[in-house]
Amino acid sequence: MRDRISWLLSAALLLGATAATAQSLPCTSVSPEVREYVRKRGACRDVKTAPRPRASKQSRSSVSDRPTSAPQKLFVPDVIGRSYANAAGALANFKVERIEAASAAPSGEVLGQDPAPATLDHPGSTVILQVSDGSLATAASMNPVPAPVTAAVASSTTAPATDLASASTAVPMLSQEPAVPSEARGQFPTALSPNAALIFGTGVLLGLLSGALLMRGRLLRRQRAVGEYAPPPTPPQHQQPAVADTGRVSEPGASFQIRFAARFVPVETTIVLAPFPGDDEVSIDESSDRHA
Amino acid sequence: MHNQVKLHVPIEVTGDEVERALFEQSKDEPTVARVLEQLRGAAAESAAKELNRALAVDIFDVLAPGWAQVPAVHRAVQLSALTRGPPTLVNVDRHNITSTALVVLDTSVKESALPPLELALEIVADVQSATLSARDGGIDLVALGEASVLARLKIKSVLVKEHATGISCVPRDPFKVRPSSPERPASVDIPI
């Protein structure tokens, strides 16, 4: 099973490489079974057994001038985000050209590369690396630039291409690489942008204002309700009740619009003369003292 | 003169008693029932203050109409009105005088008048003896023996306040010539 998988993988590699390079590759490095399979597909050329195409002298001479094995193209590795020394090591098969650029990234960090990662290129070709000089790192640390939400996508696209699948993804060019600190890549922004802070602050202010208006309305309603039923805190003591007819008018309740007036209305008076014990009538002594 | 006759303890009502009276009134008066809550507390205290002012009547004015009904007093007053001369003294031994009156409390809430609260005041005075003088068609109290007063304040048949106290009077000289003044203590209308 394992052999079958490795066989299929090798075959796929050969076919893919052939399709990519558009030329036959020597099959010396593959197993005989794979070589046979690929040969049937016509992608592999055996140096010894493969029939040479018929050609004229001119063509034969031209064929003899060509090298038997054309220089292989290599995938340009993704070195964005690495240090320059690390990137230079990874690009040992290429000629590296360094360009300094002002950035908030740490000094020596590769900001971009040309050609883009995962590009097939001949060994020895020039790869231009845009390297940060770290001149804006201090300013960035004091006023950090929030990483955009797309940083996560950018980070995934700028990750080192270690396989063919990731190598097939597009890599932004030099001018497209966002100048953000490497530690900010792929992270959700923790600080708010100035616009977001402005919107947030405006929302807080509007909330406070609406809350204050709501509370003021409730207080006014409560004060109105209390004023209808509660007596005044300090009723005027100096005011004398106004006399109306036989009664009097009470002023203390005037603040809550309640007035009282009381009057005394005699109805009937009777007298009962109580007899003393043993007497039949009440003793009424009428004085006859008349003085001149 | 007459202000020398006074109750030992004046008749007064409290705010709670006014609230009780208003509650009894609200049973028959829906208008009062609607504003009963507003009439409680401080408002009831104000109403009680007004009622106490109305209740501070001169007790002599309450008792004089009763004394005037005594035949001897009645005759003496008639005579004094016809002839100008020294006063006639009349001594009335033990007797009871019952006086009924209405104490009316008019209330308005927000300029809207409520049905008046009518409290019936019944004063029963038990007097051991009283010496009266008749002069110029009126009577005056010269001396008063031991006397007590029982006052009841009712609304309908419900007793709101019952108050018992005594009466004190400073004896005075009935023959002392008084300057003629319009403030006669008790004028009794006697048909001639």
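In what follows, the structure referred to is the one given above.
Reading guide: rules and limits
- The numbering scheme is per chain: residues are counted from 1 as the chain's sequence reads.
- The lettering of chains begins at A and the numbering of ligands begins at 1, in the order of writing.
- The model is predicted, so local features are restricted to residues of pLDDT at least 70 and side-chain atom pairs to those at 80 or more, both for listing and for counting; the totals for chains, interfaces and linings are taken over all residues.
- Computation of side-chain values covers all heavy atoms of the structure but excludes hydrogens and water.
- Elements are defined by DSSP. Helices are runs of H or I of four residues or more, strands are runs of E of two residues or more, and each kind is numbered from the N terminus.
- Between buried and exposed lies partly exposed: a residue is buried under 20% and exposed over 50% of the maximum accessible area for its type, with that area taken using a 1.4 Å probe on protein chains only.
- Here, two residues are considered to be in contact whenever any of their heavy atoms come within 4.5 Å of each other.
- Here, Shrake-Rupley sampling with a 1.4 Å probe gives the accessible areas, and only protein chains in the shown set may cover a residue.
- A pair of strands is treated as paired once DSSP finds two or more bridges between them.
- Between N-to-C directions, angles cover 0 to 180 degrees, with each direction set by a line fitted to C-alpha atoms, over the stretch in contact for helices.
- Each patch is built from residues that are more than 30% exposed by relative accessible area and take part in no salt bridge. Like charges join if they lie within 9 Å; nonpolar side chains (Val, Leu, Ile, Met, Phe, Trp, Tyr) join within 5 Å.
- The term salt bridge refers to a pairing of a side-chain nitrogen on Lys or Arg with a carboxyl oxygen on Asp or Glu at a separation within 4 Å.
- Residues scored as positive are Lys and Arg, those scored as negative are Asp and Glu, and His as well as the terminal groups of each chain are ignored.
- Note on charges: their place is set at NZ of Lys, CZ of Arg, CG of Asp or CD of Glu.
- Any pair of Phe, Tyr and Trp rings, taking the six-membered ring for Trp, is counted once the centres come within 6.5 Å. Such a pair is stacked with planes under 30 degrees apart, edge-to-face with planes over 60 apart, and tilted for the rest.
- As a reminder, the over-ring test applies to NZ of lysine and CZ of arginine, requiring each to be within 6 Å of the ring centre and within 35 degrees of the ring normal.
- For our purposes a nonpolar core is just a set of buried Ala, Val, Leu, Ile, Met, Phe, Trp, Tyr and Cys residues, chained together by side-chain atoms within 4.5 Å.

Draft legend 1. Fine view of the overall build of chain A. For chain A, the helix and strand inventory stands at eight helices and 11 strands. By residue count, 24% of the 292 residues in chain A fall in the buried class. Residue pairs in contact within chain A that sit at least 24 positions apart in sequence constitute 62% of those at least 6 positions apart. Carbon and sulfur atoms provide 59% of the accessible area of chain A, an area that totals close to 20000 Å².

Draft legend 2. Focus on the overall build of chain B. If you tally the helices and strands in chain B, you get five helices and nine strands. Taken from N to C terminus, the helices and strands of chain B fall in the order β-α-α-α-α-α-β-β-β-β-β-β-β-β. Out of the 192 residues in chain B, the part that is buried amounts to 50%. Counting only carbon and sulfur atoms, one obtains 52% of the accessible surface of chain B, whose full area is about 8900 Å².

Draft legend 3. Structural detail: the pairing of strand β7 (residues 126-132) of chain A. Residue and element names in this part refer to chain A. Sheet topology note: the strand β4 (residues 95-101)/β7 ladder contains seven bridges and is parallel. Residue pairing across strands places Arg 98 opposite Leu 129, the latter belonging to β7. Taken together, the four bridges between strand β5 (residues 110-114) and β7 define a ladder with antiparallel strand orientation. Across the sheet, Asp 114 pairs through a bridge with Ile 128, a residue of β7.

Draft legend 4. Region of the structure containing the sheet that holds β4(A). All names here are of chain A. Reading across the sheet, the three strands line up as β4-β7-β5 and stay open at both edges, with mixed pairing between neighbours. Each having just a single partner strand, β4 and β5 make up the two edges of the open sheet. For this sheet, the mean inter-axis angle between neighbouring strands, taken without regard to orientation, is 25°.

Draft legend 5. Fine view of unusual backbone geometry. In the segment running from A:Asp114 into A:Pro115, the intervening peptide bond is cis, with an omega of 5°. Considering the arrangement of structural elements, one finds A:Pro115 in the loop between β5 and β6 (120-121). Located in the positive-phi region is B:Glu111, a residue other than glycine, with phi close to 65°. Counting through the fold element by element, B:Glu111 comes out in the loop between β3 (95-109) and β4 (112-113). With a relative accessible area of 66%, B:Glu111 lands in the exposed category. The phi angle at B:Asp136 is positive, at roughly 55°, despite the residue not being glycine. Tracing the chain through its elements places B:Asp136 in the loop between β6 (130-135) and β7 (138-144).

Draft legend 6. Spatial organisation of a positive patch on the surface. All names here are of chain A. A surface patch of positive charge is lined by Arg 218, Arg 221, Arg 222 and Arg 224. Mapped onto the elements, Arg 222 comes out in helix α8 (residues 194-229). On the basis of relative accessibility, which here comes to 61%, the residue Arg 222 falls in the exposed class.

Draft legend 7. The arrangement of the pattern of salt bridges in detail. Enumeration over the complete set of coordinates arrives at 11 salt bridges over all chains. A:Arg263 is the partner of B:Asp106 in a salt bridge, and the nearest nitrogen-oxygen pair spans 2.3 Å. Taken together, the residues span two chains, with B:Asp106 in strand β3 and A:Arg263 in strand β10 (residues 258-273). The shortest N-O distance in the salt bridge between B:Arg152 and B:Glu122 comes to 3.3 Å. Placement of the pair is B:Arg152 in strand β8 (residues 147-155) and B:Glu122 in strand β5 (residues 117-127), with a sequence separation of 30 residues. A relative accessible area of 25% means that B:Glu122 is categorised as partly exposed. Connected through salt bridges with shared partners, the residues B:Glu19, B:Glu37 and B:Arg40 form a single ionic network.

Draft legend 8. Examining the packing of aromatic side chains more closely. Applying the stated criterion to the full structure yields one aromatic pair over all chains. Each ring, one from B:Phe60 and one from B:Trp67, has its centre 6.0 Å from the other, and the planes form 50°; the classification is tilted. The pair formed by B:Phe60 and B:Trp67 is uniform in burial state, with each residue classed as buried. The lysine or arginine in question, A:Arg98, covers the ring of A:Tyr84, its NZ or CZ lying 4.5 Å from the ring centre.

Draft legend 9. Geometry of the nonpolar core. Residues B:Leu39, B:Trp67, B:Val103, B:Leu119, B:Leu141, B:Leu144 and B:Ile167 are the most contacted members of the largest nonpolar core, which totals 62 residues. For this core, the leading source of residues is helix α3 (residues 42-55) of chain B, giving seven residues. What B:Trp67 contacts, discounting residues up to four positions off in sequence, is A:Ile271, B:Phe60, B:Val73, B:His95, B:Ile97, B:Ala130, B:Leu132, B:Ile139, B:Leu141 and B:Leu144. Ranked by size, the runner-up nonpolar core spans nine residues in total, among them A:Val79, A:Ala87, A:Leu91 and A:Val110.

From the geometry alone we can't say anything about function, so treat these as descriptive.
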